[in-house]
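Inside the fold
Chain by chain, the residues:
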Amino acid sequence: MIGIFIFALLISTISGQLTHGQTRVLYETFDPPSMNKSIWNYGYPWGTYYTHRANTNPRLVRVTQDGFLNITAIQERSTTVGVMTEFGALDIDFSSGAVNTNGKFCMKNGFIDINLRVPATESTWPAVFLVPEDSGRVPMLTVMEAFDARSRYFYGFKYTNDKGEVEEQNFVAVDKQTSDGVHRYGLDWGYDQITWYYDDKWVNTITKSDELKQVDKMCLVIGLGVGGKAQNSPINVPDYPSVMSVDLLEVWKPKYDGFYKFQNVQTGLLLEIDSASNDWGRSVLQWHDNGGDWQKWHVQYAGHGQFRLIAAHSRLGLDSDNWGTTDGTKLIQWPYHSGNNQLWKLQIVDENTPDIVQLINVHTIGNSDAPKMISVPADNILPGAQLHLWRDVNSDLQKWRMISL
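What counts and what doesn't
- Residues numbered from 1 in each chain as written.
- Predicted model: local features only at pLDDT ≥ 70, side-chain atom pairs only at ≥ 80, totals over all residues.
- Heavy atoms only, no water.
- Helix = DSSP H or I, 4+ residues; strand = E, 2+ residues; numbered from the N terminus.
- Rg over C-alpha atoms; globule rule 2.2 N^0.38 Å.
- Buried < 20%, exposed > 50% of the residue type's maximum accessible area, 1.4 Å probe, protein only.
- Areas by Shrake-Rupley, 256 points an atom, 1.4 Å probe, with all protein chains shown as cover.
- Phe/Tyr/Trp six-rings, centres within 6.5 Å; stacked < 30°, edge-to-face > 60°.

This part is about the overall build of the chain. Along the chain, the regular secondary structure elements total zero helices and 33 strands. Over its C-alpha atoms the chain spans a radius of gyration of 24 Å, differing by no more than 12% from the 22 Å that the globule rule assigns to 405 residues. Counting only C-alpha atoms and orienting by the principal axes, one finds that the chain spans roughly 75 × 45 × 35 Å. Within the chain, the proportion of its 405 residues that are buried is 57%. Accessible surface, the chain: about 16600 Å² in total, of which carbon and sulfur atoms supply 49%.

On the secondary structure map, Glu-250 appears in strand β21 (residues 242-254). Residue Glu-250 is classed as buried on the basis of its relative accessible area, which comes to 0%.

Here the structure, examined in full by the defined rule, presents 21 aromatic pairs. When the ring of Phe-171 is compared with that of Trp-196, the centres are 6.0 Å apart and the planes differ by 50 degrees; the resulting orientation is tilted. Of this pair, Phe-171 sits in strand β16 (residues 166-173) while Trp-196 sits in strand β18 (residues 193-198), and the two are 25 residues apart along the sequence. Taking the relative accessible area as the measure of exposure, Trp-196 reaches 0% and is therefore buried. Ring geometry for Tyr-256 versus Phe-307: centroids 5.9 Å apart, planes at 65 degrees, classification edge-to-face.

Comment: phi is negative for the bulk of residues other than glycine, and the bulk of peptide bonds are trans. Cis geometry marks the peptide bond from Val-138 to Pro-139; its omega dihedral reads 5 degrees. Tracing the backbone through its elements, the reader meets Pro-139 in the loop between β13 (124-132) and β14 (140-145). Tyr-240 connects to Pro-241 through a cis peptide bond whose omega is 5 degrees. Mapped onto the fold, Pro-241 is located in the loop between β20 (218-226) and β21.

Such coordinate-based values are descriptive only and should not be taken to indicate function.
Written out as structure tokens, the structure is:
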């Protein structure tokens with residue numbers, strides 16, 4: 001069954017730490033009797049085959065009575081074509097299955113968690129990845145793929161570099177079983193960072209701010225190949241049919257993405273840049289709402305549960321001065337460089353009032369005696385007071401109402 005939720009108020013099977021700052025928008029349990037075609041298409045977004053030896057056939061994709069999406073690879077020729085690939089010329093002499101969400105469910109950034117069991121057959125190539133809507137193959141975000149020993153899996157990011165060439169950054173997750181049962185594979189990505197998880201545990205994070213600008217509407221692909229990247233594993237015909245089983249898919253999107261004002265709960269004043277300045281290093285104050293762009297902030301999901309706050313008028317980032325971690329560190333605007341001192345956790349104070357948050361500086365988490373958050377000084381709550389970082393003292397001077405614009 002597929003559920004679409006406005007707020008993630010239902011209990012999730014995913015750790016809340018992994019989905020911080022996000023809202024669940026898809027909960028797919030693959031209930032029988034058949035696949036939900038309002039979300040899923042058969043095959044790949046670009047056709048029925050990819051860079052491996054299996055042509056896809058809808059009859060090899062089915063929902064079981066116990067709630068699994070099973071994709072089966074068999075030795076059966078269903079097309080007479082061959083294909084030239086990066087692995088050389090391939091004869092399409094097997095049949096298998098794939099599904100995708102192209103044109104039906106796509107997303108710019110967020111978090112995907114998929115529970116699946118890959119077949120033990122090492123000549124198969126199970127893969128879960130995201131590609132652009134409408135049949136593009138670059139950029140590509142790979143959640144997981146297995147094409148040799150089932151005690152590890154691979155993941156990565158494919159993009160176009162500044163020379164116009166396709167480039168890949170690929171990784172291997174070792175000592176991670178894939179075929180002994182159902183395992184969870186997670187992918188989180190934003191404007192700056194990509195993070196991978198295995199069984200709810202962190203695997204790797206990379207920062208690719210420039211390259212992630214290429215990522216927009218991405219659709220999900222789940223497929224079971226034969227050969228291709230698995231070409232170095234000999235095909236043993238008795239190992240077929242081979243089955244890939246998907247148990248559960250959850251998708252989350254950032255709660256905040258757009259322009260906002262931040263109004264202090266106690267003073268009613270707004271977070272702003274001093275004197276509407278465009279200068280690097282100018283201080284951050286509180287002031288009466290005057291409608292200026294220097295009081296408006298572009299909130300963007302950076303990835304890994306973190307956000308960047310960009311001043312609308314200057315396009316400079318909200319920054320803890322000189323990477324400070326102590327109580328009283330002042331806030332400034334500075335050219336955005338994706339450093340942790342420019343990244344923020346938007347911590348909802350009460351789920352009944354999700355527009356009221358604390359703004360916690362990421363760099364102070366683990367680098368100081370206590371995380372620090374944006375605060376109005378207790379000894380100066382007047383208009384024009386310079387804002388700073390301070391440990392949590394459960395004060396309304398540390399709480400901010402997000403006003404969407």
